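Structural features, examined
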Amino acid sequence: LTIPTAGVLNPQEGTVECWVYFDANSLAASRGNYWIFGTAKTGYGDRLILQRLSTNISFQVSNGTTATVISFPCSDINVGWHYLAARWTTSEIALFLDGVKKATANNPNLPQSLAANCGIGYNIVSGEEQCNTLIDDLRISSIARSDEEILANYQSGKPVGFDSYTTYYEPFDGLYDWQVVGVVFQNPR
């Protein structure tokens, strides 16, 4: 799935949230890298990327010169559905698993501008690194959602829905049951 970044992603502040089904294959050390969400310019310049990187789930931002990367180990995840959230502001980036903040970095090197498109479930730059798993209830916000709101969203067990700060929302509510760039989208929860 490819979406435009204009009017959707603010390079200086925002939040992306989604449910991801991790099976044994997607957690295996031999699985390699894959993108869950991301945008990057050619050569991986200015970027915002949520991905499986080596044996970690990582969120990385870059101003085209210097990257800031935060992560937590895949060993923190068991097979099943998990709620991921990545948040960025000029003062901090944060990565959450099931409503719990797992990693942060202060004064991140945020992008100055973004590529025209964002990839959901694959590397938008190379067209490769498909995650080949289920993604559900994806929301992109123009604000940095609070720790409390992210925890409440996870604990509710319900779709996050949209509000005035939501710039993109895809509930994958059963209208989709097909494969796109190696990612199967559906709503089995």
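Analysis parameters
Residues numbered from 1 in each chain as written. Predicted model: local features only at pLDDT ≥ 70, side-chain atom pairs only at ≥ 80, totals over all residues. Heavy atoms only, no water. Phe/Tyr/Trp six-rings, centres within 6.5 Å; stacked < 30°, edge-to-face > 60°. Helix = DSSP H or I, 4+ residues; strand = E, 2+ residues; numbered from the N terminus. Buried < 20%, exposed > 50% of the residue type's maximum accessible area, 1.4 Å probe, protein only. Pairing = 2+ DSSP bridges. Disulfide = S-S within 2.5 Å. Axes fitted to C-alpha atoms, helices over the stretch in contact; angles between N-to-C directions. Salt bridge = Lys/Arg side-chain N within 4 Å of Asp/Glu carboxyl O. Contact = heavy atoms within 4.5 Å. pLDDT = per-residue confidence, 0-100.

Here the focus is the packing of aromatic side chains. This model, assessed by the stated rule, comprises 6 aromatic pairs. Their ring planes at 65 degrees and their centres at 5.6 Å tell us that Tyr-21 and Trp-81 sit as a pair that is edge-to-face. Here the residue Tyr-21 occupies a position in strand S2 (residues 14–22), and Trp-81 occupies one in strand S7 (residues 80–88), the gap between them amounting to 60 residues. Connected via pairs of aromatic rings, a cluster forms that spans Trp-19, Tyr-83 and Tyr-154.

What follows covers the pairing of strand S8 (residues 92–97). Counting buried positions along S8 yields 6 of 6 residues, so the element is predominantly enclosed. Covered by surrounding structure in S8 are Glu-92, Ala-94 and Phe-96 together with Ile-93, Leu-95 and Leu-97, the residues of both alternating faces. Between S7 and S8, which pair antiparallel in sequence order, lie 3 residues. Across 6 bridges, the pairing between S8 and strand S9 (residues 100–106) is antiparallel. When the bridges of S9 are listed, Ala-94 appears paired with Thr-104.

For the structure on display, the rule yields 0 disulfides. No disulfide involves Cys-18; its nearest neighbouring cysteine sulfur is the one of Cys-131, lying 8.7 Å away.

Whether parallel or antiparallel, the strands of a sheet pair through hydrogen bonds between backbone atoms. Read across the sheet, 6 strands follow the order S1-S10-S3-S4-S5-S6 without closing on themselves; strand pairing throughout is antiparallel. Since the sheet does not close on itself, it has two edges, and those belong to strand S1 (2–4) and strand S6 (67–73), each with one partner. In this sheet, neighbouring strand axes are inclined to one another by 15 degrees on average, regardless of whether the strands run parallel or antiparallel. As defined by bridge partners, S1 adjoins strand S10 (residues 117–120) across 3 bridges and the pair is classed as antiparallel. Looking at the pairing, Pro-4 lines up with Asn-117 of S10.

A large share of S7 lies buried, amounting to 8 of its 9 residues. As paired elements, S2 and S7 share 9 bridges and run antiparallel to each other. In the strand pairing of S7, Tyr-21 is matched with Trp-81. Here S7 pairs with S8 via 5 bridges, running antiparallel. Along S8, the bridge assignment pairs Leu-84 with Leu-97.

Between side chains of opposite charge, a pair can form when the charged atoms approach closely. Taken as a whole and assessed by the stated rule, the structure comprises 10 salt bridges. For Glu-17, the salt bridge goes to Arg-139, with nearest N and O atoms at 2.8 Å. With Glu-17 in strand S2 and Arg-139 in strand S11 (residues 134–141), the pair connects residues that are 122 residues apart, well separated along the chain. Both residues of the pair, Glu-17 and Arg-139, belong to the buried class. Taking the shortest distance from any N to any O, the salt bridge between Asp-163 and Arg-145 comes out at 2.8 Å. Residue Asp-163 is found in the loop between helix H2 (147–156) and strand S12 (166–170), and its partner Arg-145 is found in the loop between S11 and H2; the two are separated by 18 residues along the sequence. On the accessibility criterion, Asp-163 (31% relative accessible area) is partly exposed.

Next up on the list: the environment of Ala-67. Inspection of the secondary structure puts Ala-67 in strand S6. Dropping the residues within four chain positions of it, Ala-67 is found in contact with Arg-47, Val-61, Ser-62 and Asn-109.

In this model, the chain carries an average pLDDT of 89, and 92% of its residues clear a pLDDT of 70 or more. Scored below 50 in pLDDT, residues 176–189 shows 49 contacts in the model against residues more than four places distant or in partner chains.

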